[in-house]
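Next come the chains, spelled out residue by residue.
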Amino acid sequence: MPEGVLQTDVAIIGAGPVGLFAVFECGMLGLKCHVIDALAAPGGQCSALYPEKPIYDIPGHPAIDAAELVRRLEQQAAPFTPHYHLDQRVESLEPLPQGGFRLATARGHLIDARAVIIAAGVGAFGPNRPPLDSIEDYEGRSVFYLVTRREAFRGQRVVIAGGGDSAADWAISLAEVADRVLVVHRRAKFRAAPESAARLEALARDGRIELIVPYQLHGLEGSAGKLSAVVVADLKGATKTLPADVLLPFFGLSMDLGPIAEWGLALDHHHIAVAPATCMSSIEGIFAIGDIATYPGKLKLILSGFAEAALAAHALYPLVRPGEALHFEYSTTKGVPGVIP
Ligand SMILES: Cc1cc2nc3c(=O)[nH]c(=O)nc-3n(C[C@H](O)[C@H](O)[C@H](O)COP(=O)(O)OP(=O)(O)OC[C@H]3O[C@@H](n4cnc5c(N)ncnc54)[C@H](O)[C@@H]3O)c2cc1C
């Protein structure tokens, strides 16, 4: 074995909400986990895309902000002392001759695991960028593809581009703090949920949001990464200039399975096909849970992912601890290390 290869029972690819809960489920069975994520912080889509939004369908939480849910999941996993390897994608996954798998990360870490849980969500996700000249000069300073803290836009002139849920929801939310909110969409009708679209139009009637329709982005004006205006064009090409401090283009996410697509797993429309009773993929010892996993009737919800984490942990146990009987126990019976009942 090469020097410095880390050993673990289970390697979890993806520290989104579902990967974090898998640490807990494996931990309750006495299994140790290493968790690897391409992002710099745990939480997956919850942290990266909508940390300040309340989620209403987590059992037992009538409403919980996405960031708070992640914080609690980390807390729930903590007694099992998972090893996190953040800011590094898993680049390769190969079977070992003696059984188990070796993972290699983009930072050169090698991890040998008896079993692997892939909780990689939509894969390595990134925003769809509008094709505007020099947009990269403004990214991170005046052009943002996601909002992690709406307070950052207090008093600013904000141009939002897009016609879906993110565009509508953030326009509604930022109208409360921004100096001015303009929404550029190439159609008069918004694709957002009907209630959000109706709210957007009501705010526009009240003069709190300006709808720039049907227009699309045409160019950016500014210097040294600081935006001064966004230029938009109508369908005939006539342009107008919107003074702006910030542009938020919301044109959806590009979803890319990345290296996962090369690992020989049976796929179904860019998702990993699994057996619903165990969440095992087409390769014995590799499991997939959460948004990346698919089977008939799959619902892409956090709560489905939580249940899949429990199924996978129980199904992989005999592979990690061959010959050791697994007795099903409730958490109320077993307790959690370090957590006083
Ligand atoms: C705006 C919005 C609102 C939502 N609202 C709700 C809601 O109200 N209720 C609900 O149930 N769901 C909601 N969802 C969906 C929910 O966020 C997802 O179902 C959930 O995040 C899936 O969790 P996951 O852990 O499977 O994947 P993700 O959260 O996508 O996390 C996967 C992680 O895997 C990492 N990864 C991918 N490939 C690799 C690799 N090769 N190496 C290392 N790391 C990798 C990614 O960086 C990512 O951090 C919403 C989603 C959005 C975008």
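Structure's up top.
Residues numbered from 1 in each chain as written. Predicted model: local features only at pLDDT ≥ 70, side-chain atom pairs only at ≥ 80, totals over all residues. Heavy atoms only, no water.

**Student:** Describe the packing of helix α1 (residues 17-28) against helix α3 (residues 66-77), with residues and values.
**Tutor:** For the pair α1 and α3, interaxial distance at closest approach is 8 Å and the crossing angle is 20 degrees. As far as their axial angle goes, α3 and α1 are roughly parallel. Read as a crossing pair, α1 and α3 show a hand that is left-handed. Here α1 contributes Pro17, Leu20, Phe21, Val23 and Phe24 to the contact with α3, which in turn contributes Val70, Leu73, Glu74, Gln76 and Ala77. Residue composition of the contact of α1 with α3, by class: 8 nonpolar, 1 polar and 1 charged. (Axes fitted to C-alpha atoms, helices over the stretch in contact; angles between N-to-C directions. Helix = DSSP H or I, 4+ residues; strand = E, 2+ residues; numbered from the N terminus. Parallel < 35°, antiparallel > 145°, perpendicular 65-115°, else oblique. Left-handed = near helix turned anticlockwise from the far one by under 90°. Contact = heavy atoms within 4.5 Å. Nonpolar A, V, L, I, M, F, W, Y, C, P; charged D, E, K, R; others polar.)

**Student:** Outline the packing of aromatic side chains, listing residues and values.
**Tutor:** Counted by the stated rule, this structure contains 5 aromatic pairs. Ring geometry for phenylalanine 21 and phenylalanine 24: centres 5.5 Å apart, planes at 20 degrees, overall stacked. Here the residue phenylalanine 21 and the residue phenylalanine 24 both occupy positions in helix α1, the gap between them amounting to 3 residues, near one helical turn. Like phenylalanine 24, phenylalanine 21 is buried. Ring geometry for phenylalanine 21 against phenylalanine 306: centres 4.9 Å apart, planes inclined by 45 degrees, an arrangement best described as tilted. Residue phenylalanine 21 is located in helix α1, and its partner phenylalanine 306 is located in helix α7 (residues 302-320); the two are separated by 285 residues in the primary sequence. (Phe/Tyr/Trp six-rings, centres within 6.5 Å; stacked < 30°, edge-to-face > 60°. Buried < 20%, exposed > 50% of the residue type's maximum accessible area, 1.4 Å probe, protein only.)

**Student:** Give me the sheet that holds strand β12 (residues 210-212): which residues, what numbers.
**Tutor:** Pairing within the open sheet is parallel, and its 4 strands lie in the order β12-β11-β10-β16. Edge strands, defined here as strands with exactly one partner in the open sheet, are β12 and β16 (246-249). Taking the axes of each pair of neighbouring strands and ignoring which way they run, one obtains an average angle of 20 degrees across the sheet. Looking at chain direction, strand β10 (residues 157-161) and strand β11 (residues 180-184) are connected through 5 bridges and run parallel. Directly across from alanine 161, in β11, lies its bridge partner valine 184. Those strands touched by helix α5 (residues 165-174) are β10, β11 and β16, and its axis lies near 165 degrees from that of β10. (Pairing = 2+ DSSP bridges.)

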